[in-house]
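Examination of the molecular architecture
Below are the chains, spelled out letter by letter.
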Amino acid sequence: MMKQLPLLPLLPLLPLLLLFSLLTGNSSACTNADSKVISTEGTDVILPCSPSTRENLQNKLFDWKKVGQGGETLHEVFMYDSAVHYERHSGQSEQFKGRVSYFQNELKHGNASIFIRKTKVIDSGSYTCYFPKLQPDEKFCIELVVDPILTVRTIPGASPKPHVKIIAESNSWARLQCEVHGAHPEPKVEWWDGSGNILPAEEPQVSERGGSYDVILHTTVTKTDNYSCVASQEEIKHQISAETLVHISGAASKPSVTIIDQTKDFSLLQCEVNGAFPKPLLQWTDSSGNTLNTEEPQVSERGGSYDVILNITVTKTDRYQCVASQEEIRHQSKPAHIYVSLSAPDVVMKTSAGVTMVSI
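Residues numbered from 1 in each chain as written. Predicted model: local features only at pLDDT ≥ 70, side-chain atom pairs only at ≥ 80, totals over all residues. Heavy atoms only, no water.

Looking at the overall build of the chain
The secondary structure content of the chain amounts to 1 helix and 26 strands. Burial status across the chain gives 41% buried among its 360 residues. Residue pairs in contact within the chain that sit at least 24 positions apart in sequence constitute 62% of those at least 6 positions apart. As displayed, the chain has an accessible area near 19,900 Å², and 51% of this comes from carbon and sulfur atoms. (Helix = DSSP H or I, 4+ residues; strand = E, 2+ residues; numbered from the N terminus. Buried < 20%, exposed > 50% of the residue type's maximum accessible area, 1.4 Å probe, protein only. Contact = heavy atoms within 4.5 Å. Areas by Shrake-Rupley, 256 points an atom, 1.4 Å probe, with all protein chains shown as cover.)

What follows is the structure in structure tokens.
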């Protein structure tokens, strides 16, 4: 069951909390429940039930209902009567249609349990499992608690989808703004990167009007990514987000790699990146991931961006790659690969006729 909340700090929220309590349907008629099942919203759940006799139920009747505090029927959930059940005739409540099944192969073992798919918060409450034709008849009470999760909800006060935009940018950063209007209770607003990490942000600008809240939140980002503004209202388990793609023009693109000179003994490779800011660090590695010694990079600057060329001489056949990294904006380019095939060295063999050069 839901925990009782302190009353005084929540007095302004009473109308909203009453509405949410009605939505959850968390009252229980099972003062001495035979079973209590706890689930999480959106997951599947089994409500267990078997008669005390554990007898074969294939030709019996059992009836599942959701009941109110006084035991009155709120919803017809599932009924089985000698192989006829709600999937074959009308009677099942709309809330449960297409979501409830039973264990056909377990009936002979006295198993009258049901399986509810994709539980909802409003599924919370008391259920009865009734065997009216047993001698004597038997009824069991099962309490189901479906704990809500943060998700999009259409209830009064729930925050609308945030409005996000880029309000300033350069070739190395972008300043983002997120606005949420007319939410109650006050939402917690955050910026997330594409991996779901919460980003540092400025202090939110919060204003209140007519009991509802407007929130504006700014952050500055320095790398290309999909960013999300997320508004959460824990009190009503509501969460909604809006996304924007930010492309930082100074982020280094995939390098261009070429062979600029080659003999049978070596290859001179060149890696080139143009128009990057801040200045990127280029690195050559072999197929085993070993960093290779290179010449000094050739760096030129134009209009605040950098062109960098890094050459390396290799002496063995292998697959080499070059990457560009910009630590200041936490960016690493896609690797560029190049395959180098060098002729095998000549082997000198001594024979009775003299010296023979053999290429392998």
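Let's talk about the environment of Thr222
Topologically, Thr222 is positioned in the loop between strand 14 (212-221) and strand 15 (225-233). When the C-alpha atoms of Thr222 and Val246 are compared, they prove to be 9.2 Å apart, with 24 residues separating the residues in sequence. Filtering out sequence-adjacent residues up to four positions away, Thr222 remains in contact with Ser172, Trp173, Ile248, Glu328 and Ile329.

Section: the pattern of salt bridges
According to the stated counting rule, one finds 12 salt bridges in the structure shown. When the shortest N-O distance is used, the salt bridge between Asp265 and Lys264 registers 3.4 Å. Accessibility expressed as a relative area gives 47% for Asp265, which makes it partly exposed. Ionic pairing is found between Asp307 and Arg302, a salt bridge with its closest N-O pair at 2.5 Å. Asp307 gets classed as buried once you look at its relative accessible area, which sits at 12%. Within the structure, one salt-bridge network assembled from shared partners comprises Asp63, Lys65 and Glu76. (Salt bridge = Lys/Arg side-chain N within 4 Å of Asp/Glu carboxyl O.)

With respect to the side chain of Ser228
On the secondary structure map, Ser228 appears in strand 15. With relative accessibility at 13%, the residue Ser228 sits in the buried group.

Here's the deal with the pairing of strand 21 (residues 305-314)
Judged by how many residues are buried, strand 21 sits mostly within the fold: 8 of 10 residues are covered. Bridging between strand 18 (residues 267-276) and strand 21 involves 8 bridges; their strand directions are antiparallel. Counted as the bridge partner of Gln270 is Asn311 from strand 21. Relative to strand 21, strand 20 (residues 298-302) runs antiparallel, the two being bridged by 5 bridges. Bridging across to strand 21, Arg302 finds its partner in Ser305. (Pairing = 2+ DSSP bridges.)

Re the packing of aromatic side chains
Inspection of every chain in the model, using the stated rule, returns 7 aromatic pairs. On the numbers, 6.2 Å between centres and 80° between planes, the contact of Phe96 with Tyr127 is edge-to-face. Taken together, the residues span a long stretch of sequence, with Phe96 in the loop between strand 5 (84-85) and strand 6 (100-102) and Tyr127 in strand 8 (residues 125-131) at a distance of 31 residues. Neither Phe96 nor Tyr127 differs from the other in exposure class; each is buried. An aromatic cluster of three or more residues is present, and its members are Phe62, Phe78, Tyr80, Tyr102, Phe131 and Phe140. For the cation-ring pair, Lys139 lies above Tyr130, with the distance from its terminal atom to the ring centre recorded as 5.0 Å. (Phe/Tyr/Trp six-rings, centres within 6.5 Å; stacked < 30°, edge-to-face > 60°. Lys NZ or Arg CZ within 6 Å of the ring centre and 35° of its normal.)

Details of the sheet that holds strand 10 (residues 163-169)
Taken together, 4 strands build an open sheet; the order of strands is 10-11-14-13 and the sheet is antiparallel. The sheet is open, and its two borders are formed by strand 10 and strand 13 (205-209), each paired with just one other strand. Taken pair by pair, the neighbouring strands of this sheet meet at an average axis angle of 15°, ignoring direction. The pairing of strand 10 with strand 11 (residues 174-183) spans 6 bridges and is classified as antiparallel. (Axes fitted to C-alpha atoms, helices over the stretch in contact; angles between N-to-C directions.)

A closer look at the sheet that holds strand 12 (residues 188-192)
A sheet is described by the order of its strands in space; here 3 strands give the open sequence 12-15-16, paired in antiparallel fashion. Both outer strands of the open sheet, strand 12 and strand 16 (238-246), are each paired with one neighbouring strand and no more. Taking each pair of neighbouring strands and ignoring which way they run, the sheet shows an average axis angle of 15°. Two strands pair when backbone bridges link them, and strand 15 and strand 16 are joined in this way by 9 bridges, in the antiparallel orientation. Across the sheet, the residue bridging to Gln233 is His238, located in strand 16.

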